[in-house]
Amino acid sequence: MDTVFDLDALLEADEIAWARKARAFATNRILPTIEQDFEDKRFRRELVAELGAAGFLGMHLDGYGCAGAGAVSYGLVCLELEAADSGWRTFVSVQGSLAMSAIHKYGSEEQKQRWLPGMAAGELVGCFALTEPTGGSDPAAMKTTARRDGDGWVLDGTKRWIGLASVADIAVVWAMTDDGVRGFLVPTETPGFTATPIDNKLSMRASIQCDVSFDGVRVPGDAILPGARGLSGPFGCLNEARFGIVWGAMGAARSCLDAAIGRSQTREVFGRPIGATQLIQAKLADMFVEYEKGVLLALHLGRLKERGTLTPAQISVGKLNSVREAILIAREARAILGGDGITSEFPVMRHMNNLESVRTYEGTDEIHQLVLGRALTGLNAFA
């Protein structure tokens, strides 16, 4: 499949090197155990330092131990990691695109020096606490509060679906204040901070998402992110994570397509491989075309990002398309695999389940459709 597409012809040498490093990591360190980890709901914390050593954590950021890689290189790493499992691309996104990006974009120099080097190395884990139990699509209705108390702040409220919260060392927490939404850096050992893993998931089972509560959590005055005011703060980080998803979902799609192609060559019905039939070849061709279009769109967005011209609406095009098409590719792959497609002998059902989560977080299909509808008409249909 790679020879038909020849993506490398469109990439720079350093971008190819990043992609190959990530593919080797995924092949050697994630794939050997991921099916069992998914079954056992096991997050392999020991891989975090290895991801840091490889330079993948906050790799698109400059300074503070970060690799300073280009947007396309970062996207390719997301693609390769998600080709193994969405949970590990999610980890890289939460750590680098959300928690580290928030500190890098909006933090004081002291905050950056304190947290970013350890996070880049995988010695410290961060989480990003924005979504609340009633839903994540309307953060303006945030109920978690932070109130001034002497020289510090006191946080109260609840968050839900917060990736990594139970293993994190530092939480970037968004809360409503008298001055609007502000971001706070909250060490997770602070009294009153409680993170409880959500246990009954049928998706993202090899990663961690939590319910988080803040019960009189007291932090010092310098815990606030000085450069973030209002919802533009968290939205700026979400766009970084959405960019990674544009690429990552195509990795899951590629894995499913590879499984379908391989099985079509070995599964025989009516005396010949099913891949020799016109119907199966038509399905594979259609799946491949959508995969190729998705990667080319991701590459285009990456080049725009590197030029500094990428807009939120353009990111919405990519996120909406990549995840939607990846799910369709996974479903077609499952059909080609027949009954075996629902077993862990193949990665397809695991990817399909994971992609349902990816479709929901960082903006549902409907939210991105509304973003694009507003861009097309100039009319706001959110409310």
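Residues numbered from 1 in each chain as written. Predicted model: local features only at pLDDT ≥ 70, side-chain atom pairs only at ≥ 80, totals over all residues. Heavy atoms only, no water.

## Considering helix 11 (residues 348-360)
Next up, step 1: Its 13 residues place the ends of helix 11 19 Å apart at the C-alpha level, agreeing with the 18 Å of an ideal helix rising 1.5 Å per residue.
Next up, step 2: Three or more residues of helix 11 are buried, namely Val348, Arg350, His351, Met352, Asn354, Leu355, Ser357 and Val358.
Next up, step 3: Its buried side turned inward, helix 11 meets helix 3 (34-40), helix 5 (71-84), helix 6 (86-106), helix 8 (232-266) and helix 10 (312-337). (Helix = DSSP H or I, 4+ residues; strand = E, 2+ residues; numbered from the N terminus. Expected span 1.5 Å × (residues − 1). Buried < 20%, exposed > 50% of the residue type's maximum accessible area, 1.4 Å probe, protein only. Contact = heavy atoms within 4.5 Å.)

## Digging into the nonpolar core
Nonpolar side chains in soluble globular proteins generally cluster together in the buried interior.
Next up, step 1: Residues Phe91, Leu155 and Trp174 are the most contacted members of the largest nonpolar core, which totals 124 residues.
Next up, step 2: The element that contributes the greatest number of residues to this core is helix 8, accounting for 15 residues.
Next up, step 3: The contacts of Phe91, once residues within four sequence positions are left out, are Phe43, Val48, Leu51, Leu57, Val125 and Leu164. (Core = buried A, V, L, I, M, F, W, Y, C linked by side-chain atoms within 4.5 Å.)

## So, the side chain of Ser255
Next up, step 1: Along the chain, the position of Ser255 falls in helix 8.
Next up, step 2: Discounting chain neighbours no more than four positions away, the residues touching Ser255 are Ala83, Pro347 and His351.

## A few points about the environment of Val317
Next up, step 1: Turning to its location among the elements, Val317 is positioned in helix 10.
Next up, step 2: It is 8.9 Å that separates the C-alpha atoms of Val317 and Val246, two residues lying 71 residues apart in sequence.
Next up, step 3: Setting aside residues up to four positions removed in sequence, Val317 forms contacts with Leu297 and Leu372.

## Thoughts on the environment of Asp215
Next up, step 1: Looking at where Asp215 falls in the secondary structure, it is placed in strand 7 (residues 209-220).
Next up, step 2: The spatial distance from the C-alpha of Asp215 to the C-alpha of Gly157 is 6.8 Å, given a sequence separation of 58 residues.
Next up, step 3: Setting aside residues up to four positions removed in sequence, Asp215 forms contacts with Leu155, Asp156 and Gly192.

## A look at helix 2 (residues 13-30)
Helical periodicity: at 3.6 residues per turn, an α-helix aligns residues three or four positions apart in one direction.
Next up, step 1: Counted at 1.5 Å a residue, the expected span for helix 2 with its 18 residues is 26 Å, and the 25 Å between its end C-alpha atoms agrees.
Next up, step 2: Among the residues of helix 2, those classed as buried are Glu15, Ile16, Trp18, Ala19, Ala22, Phe25, Ala26 and Ile30.
Next up, step 3: Its buried side turned inward, helix 2 meets helix 3, helix 4 (46-53), helix 5, helix 6 and helix 9 (278-307).

## A short note on the packing of aromatic side chains
Next up, step 1: Scanning the model with the defined rule gives eleven aromatic pairs in all.
Next up, step 2: Ring centres of Trp153 and Phe184 lie 5.1 Å apart, and the angle between their planes is 65 degrees; this geometry places the pair in the edge-to-face category. Highlighted residues: Trp153 in strand 3 (residues 152-163) and Phe184 in strand 5 (residues 180-187), separated in sequence by 31 residues. Neither residue differs from the other here; Trp153 and Phe184 are each classed as buried.
Next up, step 3: Measuring from centroid to centroid gives 6.5 Å for Phe288 and Tyr291, while their planes differ by 45 degrees, and the two rings are tilted. Of this pair, Phe288 and Tyr291 both sit in helix 9, three residues apart, roughly one helical turn.
Next up, step 4: Note on Phe288: relative accessible area 15%, which makes it buried.
Next up, step 5: The exposure class of Tyr291 is buried, given its relative accessible area of 3%. (Phe/Tyr/Trp six-rings, centres within 6.5 Å; stacked < 30°, edge-to-face > 60°.)

## Focus on the pairing of strand 4 (residues 170-177)
Next up, step 1: Among the eight residues in strand 4, seven count as buried, and that is most of the element.
Next up, step 2: Strand direction decides the pairing type here: strand 1 (residues 126-129) and strand 4, joined by four bridges, are parallel. Bridging from a neighbouring strand, Cys127 pairs with Ala171 of strand 4.
Next up, step 3: Where strand 4 lies against strand 5, eight bridges are found, and the strand directions are antiparallel. Of the residues in strand 5, the one forming a bridge with Ala175 is Arg182.
Next up, step 4: The antiparallel hairpin formed by strand 4 and strand 5 contains two residues in its connecting segment. (Pairing = 2+ DSSP bridges.)

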